[in-house]
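Tertiary structure, described
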Amino acid sequence: MMKKRVMTCLTVGVCVLAISATAAFGSVNGYANYKTGVKSLALDVDNVSAAGSFTMTYDGKPVMNGDAEIAIDGANQASHVVLSDGHNQSEEWNTTFDGVKTWFDSDAPYYFTYDAEKEKSGHGLLNIDGDDELSKRVVNFLEMGADTVMGDLKNNVVEIDASNGIYTYQLDISNSQVPAIVNAGLSVLAYAASDSFANTCYVDFEDWNQCAANYYEQQTGQSLSADFMAHYNGEIDDDRWYENNAELDKFDELQGEMYEHYNQEMEQKMAAANSTSGVLYVSADGTTTFYTDVVAYEQSKGGASTDSIESFIGKDLTLDNVHFTFSVNKAGQLTANHIEATFLTVDDKGASHTMVLTGDVTFHDYGTTAVQPLDVGDRVSSEEYHG
């Protein structure tokens with residue numbers, strides 16, 4: 001739960017940073033136009049398409065990247081998202097069309113469906129009721145906050161292009177120009193991330209089912225047959241196998257006992273090492289290895305992903321510089337955004353590192369976007385899938 005809370009804080013912090021930084025671009029009029037474009041997208045626009053991508057490098061090495069496409073037409077919405085950390089990649093499709101939500105990922109031979117609202121209760125990308133008094137006050141507070149944080153920086157814009165009805169602006173912020181409140185906020189986030197890892201502990205299994213089979217044999221003196229494991233792993237489709245199966249009931253019971261066994265071993269080794277964090281890695285044959293350094297363990301196992309971005313944040317984090325460009329059309333609608341932000345971090349050992357986040361987002365087809373039903377290919381419904 002702590003880790004999820006930290007990730008939420010990090011996400012909100014990055015969003016606030018992005019909004020604050022982008023609000024700085026444009027002359028006084030450009031600044032106002034940008035705010036109007038952002039507010040319109042968030043609160044008013046119900047029909048638009050968007051495409052975005054991001055990359056993250058750590059000391060010059062790529063560690064994360066992602067791409068996303070989104071289409072919105074009222075309550076009908078579609079998204080396609082790809083995330084990669086260099087070791088693993090996830091890809092998923094999610095569409096809500098005519099009151100039905102359909103979802104699947106690239107690794108699954110099945111898809112899920114859910115009932116959804118046929119009409120949006122609010123407006124804009126945030127689905128907020130613009131007439132709601134609380135919403136109005138929150139928007140006003142965030143707008144004033146962005147104005148205050150950016151101060152005179154909002155006047156440091158340079159128009160770099162004006163053609164075909166598109167106006168493009170640029171701003172470069174050096175480390176000496178970064179508002180103190182931004183780095184103070186990043187420092188808080190870094191401490192929260194570091195504290196999260198300093199108090200994180202869990203058991204990680206190389207192969208849960210194989211470990212469970214080995215544990216079953218140790219406790220009962222009997223081996224599970226290949227036929228049993230084939231059924232249990234879903235390689236054999238036979239619903240009757242699950243009925244009145246005492247061996248299966250005992251296997252399930254011992255799995256809970258197995259987890260508690262290894263969890264107690266982890267706690268004992270943490271106590272012996274006088275550590276508040278730790279990972280107990282259980283190999284497929286049941287042998288264990290204990291790590292007190294959670295960050296080092298996750299990175300060694302390829303776990304440095306979007307779920308463990310805290311491992312890159314370190315003990316302290318400051319914004320070193322920002323390069324940002326954005327474009328608006330004659331109607332005041334945002335059409336493109338590009339940001340490159342360089343952060344300096346300090347790890348638990350006091351070493352300095354450089355983290356660079358680069359992102360691009362484009363908006364198009366305002367008022368003409370049409371969401372289509374999701375093509376599931378040869379996948380079957382999850383309710384019909386039997387492995």
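This text gives an overview of the structure that appears in the document. Quick caveat: nothing in here was measured; it's all calculated off a predicted structure.

Parameters and conventions
- Residues numbered from 1 in each chain as written.
- Predicted model: local features only at pLDDT ≥ 70, side-chain atom pairs only at ≥ 80, totals over all residues.
- Heavy atoms only, no water.
- Helix = DSSP H or I, 4+ residues; strand = E, 2+ residues; numbered from the N terminus.
- Contact = heavy atoms within 4.5 Å.
- Polar contact = N/O pair within 3.5 Å; in protein donor to acceptor, adjacent residues only side chain to side chain.
- Pairing = 2+ DSSP bridges.
- Axes fitted to C-alpha atoms, helices over the stretch in contact; angles between N-to-C directions.
- Core = buried A, V, L, I, M, F, W, Y, C linked by side-chain atoms within 4.5 Å.
- Buried < 20%, exposed > 50% of the residue type's maximum accessible area, 1.4 Å probe, protein only.

With respect to the helices, strands and loops of the structure, Asp-320 is situated in strand β12 (residues 316-329). Other than its neighbours up to four places away in sequence, Asp-320 contacts Ile-173, Ser-174, Asn-175, Val-178, Thr-342, Phe-343 and Leu-344. A polar side-chain atom of Asp-320 sits 2.8 Å from a polar atom in the side chain of Asn-321.

Glancing now at the sheet that holds strand β11 (residues 288-291). Reading across from one edge, β9-β10-β11 is the order of the three strands in this open sheet, with mixed pairing throughout. Each of the sheet's edge strands pairs with one partner strand only, and the pair in question is β9 (201-205) and β11. For this sheet, the mean angle separating the axes of adjacent strands, direction not counted, is 15°. Across five bridges, the pairing between β9 and strand β10 (residues 278-282) is parallel. In the sheet register, Tyr-202 faces β10, and the bridge partner there is Val-279. With respect to the sheet, helix α7 (residues 246-272) is in contact with β9, β10 and β11, its orientation differing from that of β9 by roughly 130°.

Before going further, it helps to spend a moment on the nonpolar core. Counting residues in each nonpolar core, the largest one holds 33 residues, and the members touching the most others are Leu-319, Leu-334 and Met-355. Core analysis: the second largest hydrophobic core is formed by 20 residues, Cys-211, Met-229, Leu-254 and Val-282 among them.

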